[in-house]
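The lines below spell out each chain.
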Amino acid sequence: MARDSGIQAIIDAITASAGEGEGGSSEYIEAQLTAAGQSTPWRPMSRGQAIVAYTVALNGSTSVAIRIEWSNDGTTNRGNVDDANTVITSNGSDFFVVVAKLPYIRLSFVSETGGSNATIDVLVIA
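Residues numbered from 1 in each chain as written. Predicted model: local features only at pLDDT ≥ 70, side-chain atom pairs only at ≥ 80, totals over all residues. Heavy atoms only, no water.

1. Focus on the nonpolar core
Inference 1: In this structure, Val-64, Ile-105 and Ile-120 are the most contacted members of the largest nonpolar core, which totals 21 residues.
Inference 2: Every element with two or more residues in this core is listed here: strand 3 (49-57), strand 4 (63-71), strand 8 (104-113) and strand 9 (119-125).
Inference 3: Per-element tally for this core: the top contributor is strand 3, with 4 residues.
Inference 4: Discounting residues that sit within four places of it in the chain, Ile-105 has contacts with Pro-41, Trp-42, Arg-43, Met-45, Ala-50, Val-52, Ile-68, Glu-69, Trp-70 and Val-124. (Core = buried A, V, L, I, M, F, W, Y, C linked by side-chain atoms within 4.5 Å. Buried < 20%, exposed > 50% of the residue type's maximum accessible area, 1.4 Å probe, protein only. Helix = DSSP H or I, 4+ residues; strand = E, 2+ residues; numbered from the N terminus. Contact = heavy atoms within 4.5 Å.)

If you want it as structure tokens, here you go:
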């Protein structure tokens, strides 16, 4: 999956420093979400921090809504990291930085408006 160059630079910096300091190396999950209701696999947050980078291609849709969810056991969704969904109305890339003592996180494709062809490429680094 192609990545925005700004996000790639952040990913390179994080993975280059993996293993330095407490917590060991960073690991990542890459996924493509193609329909509302889909989520990335749960990712353990053993270091208490993560970056969730994403690239949205609306492909004719007018918006998509996403959210970061957390879990105690990597199986059951226990809630959202933020109070509100993030609504995206244009193609592009961005990222979330999560700093919290959460056991597991994932990104979920919540809804899509004005079409059904949007895709979200996701990279979760924790």
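Having seen the structure, we can now continue with the description.
2. Here we look at the environment of Arg-78
Inference 1: Locating Arg-78 in the fold gives a position in the loop between strand 4 and strand 5 (79-80).
Inference 2: The spatial distance from the C-alpha of Arg-78 to the C-alpha of Ile-105 is 9.9 Å, given a sequence separation of 27 residues.
Inference 3: Those residues within four positions of Arg-78 in sequence are excluded, and the remaining contacts are Trp-70, Ser-71 and Asn-72.

3. Focus on the sheet that holds strand 3
Inference 1: Read across the sheet, 4 strands follow the order 1-9-3-7 without closing on themselves; strand pairing throughout is antiparallel. Unpaired on one side and paired on the other, strand 1 (28-33) and strand 7 (92-99) mark the two borders of the sheet. Mean inter-strand twist for the sheet, computed between neighbouring axes without regard to direction, equals 15 degrees.
Inference 2: Two strands pair when backbone bridges link them, and strand 3 and strand 7 are joined in this way by 8 bridges, in the antiparallel orientation. Each residue of the ladder has a partner; that of Thr-55, found in strand 7, is Ser-93. (Pairing = 2+ DSSP bridges. Axes fitted to C-alpha atoms, helices over the stretch in contact; angles between N-to-C directions.)

4. Quick notes on a nonpolar patch on the surface
Inference 1: A surface patch of nonpolar side chains, amounting to about 280 Å² of accessible area, comprises Phe-95, Val-97 and Val-99.
Inference 2: As for its placement among the helices and strands, Val-99 is situated in strand 7.
Inference 3: The class for Val-99 is exposed, based on a relative accessible area of 64%. (Patch = residues over 30% accessible without salt bridge, like charges linked within 9 Å, V, L, I, M, F, W, Y side chains within 5 Å. Areas by Shrake-Rupley, 256 points an atom, 1.4 Å probe, with all protein chains shown as cover. Salt bridge = Lys/Arg side-chain N within 4 Å of Asp/Glu carboxyl O.)

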